[in-house]
Amino acid sequence: MNNQAVRYVTKSAAAAAGSIGVAAATAASAVAAAALAASVVLSPVPDAASRMDGIHADLLRAVQLNQITLEQAASFEAKLAGRILGDA
């Protein structure tokens, strides 16, 4: 085999190995994403009180970061409480 042929085979093999590595990494990412999605879908739904506690904490954090006012947080929490606790 001449020198150019050896160089071509070597480069082709390296490119193929790189492609396989990328495909494996992509497949691993897809499997991890599917596992995460399944865990979210199959996780138990929190009760209404737990949901409201989380909403309250999130809104308090938004007020601390000056993203919303305290009045806006209270109004939004009241609307959500009516929807969430009304369904409970």
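Residues numbered from 1 in each chain as written. Predicted model: local features only at pLDDT ≥ 70, side-chain atom pairs only at ≥ 80, totals over all residues. Heavy atoms only, no water.

S.K.: Just to check I follow, could you spell out the overall build of the protein chain for this structure?
M.R.: Along the protein chain, the regular secondary structure elements total three helices and zero strands. Counting helices and strands in the order they occur from the N terminus, the protein chain gives α-α-α. The proportion of buried residues among the 88 residues of the protein chain is 11%. (Helix = DSSP H or I, 4+ residues; strand = E, 2+ residues; numbered from the N terminus. Buried < 20%, exposed > 50% of the residue type's maximum accessible area, 1.4 Å probe, protein only.)

S.K.: Help me understand the nonpolar core, please; the structure alone is not making it clear to me.
M.R.: Nonpolar side chains in soluble globular proteins generally cluster together in the buried interior. Grouped together as the largest cluster of nonpolar side chains are nine residues: Ala 48, Met 52, Ile 55, Leu 59, Val 63, Ala 73, Leu 80, Ala 81 and Ile 84. Breaking this core down by element, the ones donating at least two residues are helix 2 (48–64) and helix 3 (70–87). In terms of residues, this core owes the most to one element, helix 2, which gives five residues. With near-sequence residues (within four places) excluded, Leu 80 lies in contact with Met 52, Ile 55 and Leu 85. (Core = buried A, V, L, I, M, F, W, Y, C linked by side-chain atoms within 4.5 Å. Contact = heavy atoms within 4.5 Å.)

S.K.: Just to check I follow, could you spell out the environment of Ile 84 for this structure?
M.R.: Along the chain, Ile 84 turns up in helix 3. Residue class for Ile 84 comes out buried when judged on its relative accessible area of 10%. When the C-alpha positions of Ile 84 and Ala 49 are compared, they lie 8.9 Å apart, and in sequence the two are 35 residues distant. Each residue touching Ile 84, except ones within four places of it in the same chain, is listed here: Ala 48, Arg 51, Met 52 and Ile 55.

S.K.: How should helix 2 be read in this particular structure?
M.R.: An α-helical segment advances 3.6 residues per turn. Residues three or four places apart therefore align on the same side. With 17 residues, helix 2 should reach 24 Å at 1.5 Å per residue; the first-to-last C-alpha distance of 24 Å fits that figure. Turning to helix 2, its buried residues are Ala 48, Met 52, Ile 55, Leu 59, Ala 62 and Val 63. The arc that holds every buried residue of helix 2, seen down its axis, measures 100°, which confines them to one face. Turned more than 90 degrees away from the buried face of helix 2, the exposed residues are Asp 53, Asp 58 and Gln 64. Note on helix 2: the residue one or two positions beyond its end, Asn 66, has a positive phi of about 60°. (Expected span 1.5 Å × (residues − 1). Arc of directions from axis to C-beta.)

S.K.: I'm lost on the confidence of the model for the protein chain in this one. Help?
M.R.: Close reading of the predicted structure is inappropriate where its pLDDT is low. Per-residue confidence for the protein chain averages 79 on the pLDDT scale, and 61% of its residues sit at or above 70. At the low end of the mean pLDDT range in the protein chain sits helix 1 (residues 3–42), at 67; at the high end sits helix 2, at 94. (pLDDT = per-residue confidence, 0-100.)

S.K.: Which parts of the structure should I look at to understand unusual backbone geometry?
M.R.: What you tend to see is this: most non-glycine residues have negative phi, and most peptide bonds are trans. Of note in this structure, Asn 66 is not a glycine but carries a positive phi near 60°. Looking at where Asn 66 falls in the secondary structure, it is placed in the loop between helix 2 and helix 3. By relative accessible area, which is 70% here, Asn 66 ends up exposed.

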